[in-house]
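# Inside the fold
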Amino acid sequence: MTSIDLNADLGEGFGHWRLTDDEQLLSVVTSANVACGFHAGDAATMRRVCELAAGRGVRIGAQVSYRDLAGFGRRAMDVPPAELAAEVAYQIGALEVFARAAGTRVSYVKPHGALYNRVVHDEEQAGAVVDGVLLADATLPVLGLPGSRLLDVAGKAGLPTVTEAFADRAYTEEGTLVPRGQDGAVVTDPEAVVERSVGLARDGAVASHSGSRIEVTARSLCVHGDTPGAVELARRVRERLETSGVRVEAFV
């Protein structure tokens, strides 16, 4: 039977402000990409999400980012490689404290936002992220876009790599994500998201922004937690996957 992991970005709040419905999403997903304080999240939020995830058997991933709370980690930044590596390790370490306190551990690493898109093509920044992961824990899998420089560099460094697809993001013909500033970058029609999810999981393919069929082989599928109606959408995606013969399970 075909199987796929279902992940979502969680813990994206700060203080009294909360963006994601962490408790409800954790009843649906199998992996949680937890904000580590640089684009969102704080100590109390990380602790709460780790406890909820551990209680439900959901794998915890460190969603590392540029230091950009004001821009939600979605602004392009130029960070020296040594500084970025240290900041990646710092974020993983912070989340690991709360994961261990909850009786589990950080199981993988996924970059967020501008950093995620940057390391698709930028080998220097990809290398800095990998150096940070190695500094924190040289056994951690790295989650990223198929064909990205990040996964290439991580693999060469001996880190496990996991390919990821996006149910609710538009793709270019090259297999990269359409920048959020462009029209149609986010797929908002719930039925389209559900159908794309099944196609990605079962067929390893999706329609690009221009309508052409492209191959996207992925072991994990992301549904963004900050999308309006994210909980119901995630439920629909999981239900359709399972009724289509796809087993939903964590990759680690």
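Read on for an overview of the structure. (Residues numbered from 1 in each chain as written. Predicted model: local features only at pLDDT ≥ 70, side-chain atom pairs only at ≥ 80, totals over all residues. Heavy atoms only, no water.)

## Examining the overall build of the protein
A count of helical and extended segments in the protein gives eight helices and 12 strands. Taken against the 2.2 N^0.38 rule, which gives 18 Å for 252 residues, the C-alpha radius of gyration of the protein at 17 Å falls within 12% of a compact globule. Each of the three principal axes of the protein carries a C-alpha extent, and together these read 40 × 35 × 35 Å. Evaluated residue by residue, the protein yields a buried proportion of 55% over its 252 residues. Of the contacts made within the protein by residues no fewer than 6 positions apart, 71% connect residues no fewer than 24 positions apart. A total accessible area of about 10500 Å² is found for the protein, and carbon and sulfur atoms account for 50% of it. Here the protein contributes 25 positive and 34 negative side-chain charges, whose respective centroids are spaced 4 Å apart. (Helix = DSSP H or I, 4+ residues; strand = E, 2+ residues; numbered from the N terminus. Rg over C-alpha atoms; globule rule 2.2 N^0.38 Å. Buried < 20%, exposed > 50% of the residue type's maximum accessible area, 1.4 Å probe, protein only. Contact = heavy atoms within 4.5 Å. Areas by Shrake-Rupley, 256 points an atom, 1.4 Å probe, with all protein chains shown as cover. Lys, Arg positive; Asp, Glu negative; His and termini not counted. Charge placed at Lys NZ, Arg CZ, Asp CG, Glu CD.)

## Some words on the packing of helix α3 (residues 81–101) against helix α5 (residues 123–136)
Running from N to C, α3 and α5 point in directions that differ by 40°, and their axes come no closer than 7 Å. By the criterion of interaxial angle, the relationship of α3 to α5 is oblique. Crossing of α3 against α5: the hand is right-handed. Between α3 and α5, the contacting residues are Pro81, Leu84, Ala85, Val88, Ala89 and Ile92 on the first element and Glu124, Gln125, Ala128, Val129, Asp131, Gly132, Val133, Leu135 and Ala136 on the second. (Axes fitted to C-alpha atoms, helices over the stretch in contact; angles between N-to-C directions. Parallel < 35°, antiparallel > 145°, perpendicular 65-115°, else oblique. Left-handed = near helix turned anticlockwise from the far one by under 90°.)

## What about the environment of Pro80?
Tracing the backbone shows Pro80 in the loop between β5 (59–64) and α3. Taking the C-alpha atoms as reference points, Pro80 and Leu233, 153 residues apart in sequence, are found 38 Å from one another.

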